[in-house]
Amino acid sequence: MIDVLWKIPFFLLNRRFGWPRMLPVNITLSPTPRCNSRCLTCNIWMKRENELSISEWDRVFQSLGRAPFWFTVSGGEPFMFKDIVPLCQSLYKHCRPGIINIPTNSLMADIIPGKVEEICRSSPNAQVIINLSLDGVGANHDTIRGIPGNFKRFEENYRALRRLKCPNLTIGVHSVISRFNVDRAAELFDYAFGIEPDSYITEIAEQRVELDTVDLDITPSPDKYARAIDQLVERIKIRQFKGISKVTEAFRLEYYKLVKRILREGTQVIPCFAGWASAQIYASGEVWPCCIRADNLANLRDVNYDFRRIWFSPEADRVRASIRNKECHCPLANASYTNMLMHLPTLTRVIGKAATSPTFLSKYSFKPAPQTSVPHDAAPKKNKTHSISWLRNHTLKPKAPDYGRRIIDRYRLGMRAHGAIQGIRIITAPGSCSSCQSLAGKVYQPAETPLIPIKECTNPQGCRCAYSPLMSFEQTDSAAELVDKGTAVTITDFALPSMLGGVEARSAISKIP
Ligand code: SF4
Ligand code: SF4
């Protein structure tokens, strides 16, 4: 952690004046978008990319050198990337990070513990955090995740990981709080605390370009979220944390306060350092400041895998200016944790709380844990809604000639492998021409969907229409009711064992009545 703390003044200068130039300390990789879950809160599993190979990743890590302290190897489901172990070995060899964080849906519980053991053994000086996703208890988890038996796999995976003898392994549980589980949050928290993971974190379901969830109503209302988080905070406070755990819990509590404020105020409550201190590298080689905006700064394949050429480019500066001008806001946990480290009032407060811990004072380092941040500089209350409406505008840019075909193909695959997608809608931009407006709001099947850019579009800026999936939960009055009845689309009659082993189902799907 000391490796990061000394860089904070430089990042503050860098964000304000553009100097000195700094590489990010927190990098998220998504080596594959493929996933064997069918979550109601995520559509990334429909995407297919020309994924970077392990030798290409190796060159990327070489160009990053020792700058990153924290890697998150995300997805899709990261264990569906067959080279996940060599990937972690390569990033460890070149970058020597302090933390390697890997989330998983646990569906490949047969192979995950073995691979985790290999990663831990080959990264002896890094803390390896495996975060198991858990969005409900029993059948509720299966319904939200769209896979029967997922909860059972979670339990098997958790038990098998617990049996590993790896001193640098942290086993965490991670819950996404969405409109589908917010009313059952207490039950979820009780279960999660009951199994005593090394860390427990929650994150709010949000609209993301990466997950293809822009415009989807998955985020709980600010009031319901606040009530759920208050119940979580009560449980955290009851637990007697000692030593380093006091620090991590102080971070968490600050993060939850921050999320409530972002939802209420609709602005960056503390400055975001995505684009300076944190970044994401997508499966295809695109470099993004974060997965919410997913601005393509450039592709690593086009710059000989030299991350610096992208990070210090005029395009990256243009996107940074937008972030600095607060043209976006969100409660993304991964970025928020870095933001909190870069925010001195927050950092001071957390360290102050932790200073009573003798363990902290003697070790001068944090055990890796959750994300966080803190409220501070009384941000103007300019927006009372929780909707991330700025993000919708972000997607309404003029579309490339191949946009329509590419996205329709993705939704077609999604509908065949049936998640919760029922059809395709066209969303028009403000000021769209009458031809485009005449298509808005209708729901199409892939074969009949008009191609965007719309040929008849007369707007001088070009066709800025976009597609959005119609989800099964949008056709019900209440999301909670949907979960209660198990009416989410669910895979029933294909070879479930092969699915759990990582082979994708592409057909034979039906709904639970
Ligand atoms: S949220 Fe669900 S569908 Fe999306 S990557 Fe994670 S497990 Fe897969
Ligand atoms: S505020 Fe959110 S959307 Fe904006 S740059 Fe930061 S992480 Fe990305």
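Residues numbered from 1 in each chain as written. Chains lettered and ligands numbered in written order. Predicted model: local features only at pLDDT ≥ 70, side-chain atom pairs only at ≥ 80, totals over all residues.

### A word on the overall build of the protein chain
(1) Moving on: Of regular secondary structure, the protein chain possesses 20 helices and 14 strands.
(2) Moving on: Looking at the protein chain as a whole, 49% of its 513 residues qualify as buried. (Helix = DSSP H or I, 4+ residues; strand = E, 2+ residues; numbered from the N terminus. Buried ≥ 20, exposed ≤ 12 C-beta atoms within 10 Å, placed from the backbone.)

### Some thoughts on the site of ligand 2
(1) Moving on: For ligand 2, the set of nearby residues contains 13 residues, the closest of which are Cys-272, Cys-290, Ile-292, Cys-328 and Cys-330.
(2) Moving on: Within the shell around ligand 2, the residues separate by chemical class into 10 nonpolar, two polar and one charged. (Near = placed C-beta within 6 Å. Nonpolar A, V, L, I, M, F, W, Y, C, P; charged D, E, K, R; others polar.)

### Structural notes on the pairing of strand β10 (residues 421-427)
(1) Moving on: Looking at chain direction, β10 and strand β12 (residues 466-471) are connected through six bridges and run antiparallel. Paired with Ile-426 across the bridge in β12 is Tyr-467.
(2) Moving on: In this sheet, strand β11 (residues 443-444) lies alongside β10 in antiparallel orientation, the contact comprising two bridges. The residue of β11 that forms the bridge with Ile-424 is Tyr-444. (Pairing = 2+ DSSP bridges.)

### What about the site of ligand 1?
(1) Moving on: Residues in contact with ligand 1, as listed here, are Cys-35, Ser-37, Cys-39, Cys-42, Ile-44, Trp-45, Gly-75, Gly-76, Glu-77, Asn-105 and Ser-133.
(2) Moving on: Classifying every residue of the shell around ligand 1 gives five nonpolar, five polar and one charged.

### Looking at the packing of helix α8 (residues 185-194) against helix α9 (residues 222-238)
(1) Moving on: The interhelical angle for the contact between α8 and α9, taken along N-to-C directions, is 25°, at an axis separation of 9 Å. Between α8 and α9, the angle is such that the two are roughly parallel. Regarding α8 and α9, the two cross each other, and that crossing is right-handed. Residues Ala-185, Ala-186, Phe-189 and Phe-193 of α8 lie in contact with α9, whose contacting residues are Ala-228, Gln-231, Leu-232 and Arg-235.
(2) Moving on: Among the residues making up the contact of α8 with α9, the classes are represented as six nonpolar, one polar and one charged. (Axes fitted to C-alpha atoms, helices over the stretch in contact; angles between N-to-C directions. Parallel < 35°, antiparallel > 145°, perpendicular 65-115°, else oblique. Left-handed = near helix turned anticlockwise from the far one by under 90°. Contact = placed C-beta atoms within 7 Å.)

### A word on the nonpolar core
(1) Moving on: Of all hydrophobic cores here, the largest spans 136 residues; its most connected members are Ile-100 and Cys-465.
(2) Moving on: What Cys-465 contacts, discounting residues up to four positions off in sequence, is Ile-426, Ile-427, Thr-428, Ala-429, Ser-432, Cys-436, Ile-452 and Ile-454. (Core = buried A, V, L, I, M, F, W, Y, C linked by C-beta atoms within 7 Å.)

### So, the sheet that holds β12
(1) Moving on: With respect to topology, three strands assemble into an open sheet ordered β11-β10-β12, the strand pairing being antiparallel. Bordering the open sheet on either side are β11 and β12, each of which pairs with just one other strand.

### A closer look at unusual backbone geometry
(1) Moving on: Note the cis peptide between Trp-19 and Pro-20, where omega equals -5°.
(2) Moving on: A cis amide bond links Gly-75 to the next residue, Gly-76, at an omega of 10°.
(3) Moving on: Within the element layout of this structure, Gly-76 appears in the loop between β2 (70-73) and α4 (84-95).
(4) Moving on: Residues other than glycine seldom take positive phi values, yet Arg-96 does so here, at roughly 45°.

### Side note on the packing of helix α3 (residues 54-64) against α4
(1) Moving on: Here α3 crosses α4 at 20°, and the two axes come no closer than 8 Å. If you check the angle between α3 and α4, you find them roughly parallel. The way α3 lies across α4 gives a crossing that is right-handed. Contact residues: Ile-54, Trp-57, Asp-58, Phe-61, Gln-62 and Leu-64 in α3; Pro-86, Leu-87, Ser-90, Leu-91, His-94 and Cys-95 in α4.
(2) Moving on: Across the contact of α3 with α4, the residue classes tally to eight nonpolar, three polar and one charged.

### With respect to the confidence of the model for the protein chain
(1) Moving on: Put simply, the protein chain has an average pLDDT of 86, and 85% of its residues get 70 or more.
(2) Moving on: This stretch, residues 357-386, has a pLDDT under 50; its non-local contacts, to residues over four places away or in other chains, come to 86 contacts. (pLDDT = per-residue confidence, 0-100.)

### Thoughts on the sheet that holds strand β5 (residues 169-177)
Within a sheet, each strand pairs with its neighbour through backbone hydrogen bonds, oriented either parallel or antiparallel.
(1) Moving on: A sheet is described by the order of its strands in space; here nine strands give the open sequence β6-β5-β4-β3-β2-β1-β7-β8-β9, paired in mixed fashion. Of all strands in the sheet, those bounded by a partner on one side alone are β6 (199-204) and β9 (298-299).
(2) Moving on: Pairing of strand β1 (residues 26-29) with strand β7 (residues 278-281), which is carried by four bridges, proceeds in the parallel orientation. Residue pairing across strands places Asn-26 opposite Ser-278, the latter belonging to β7.

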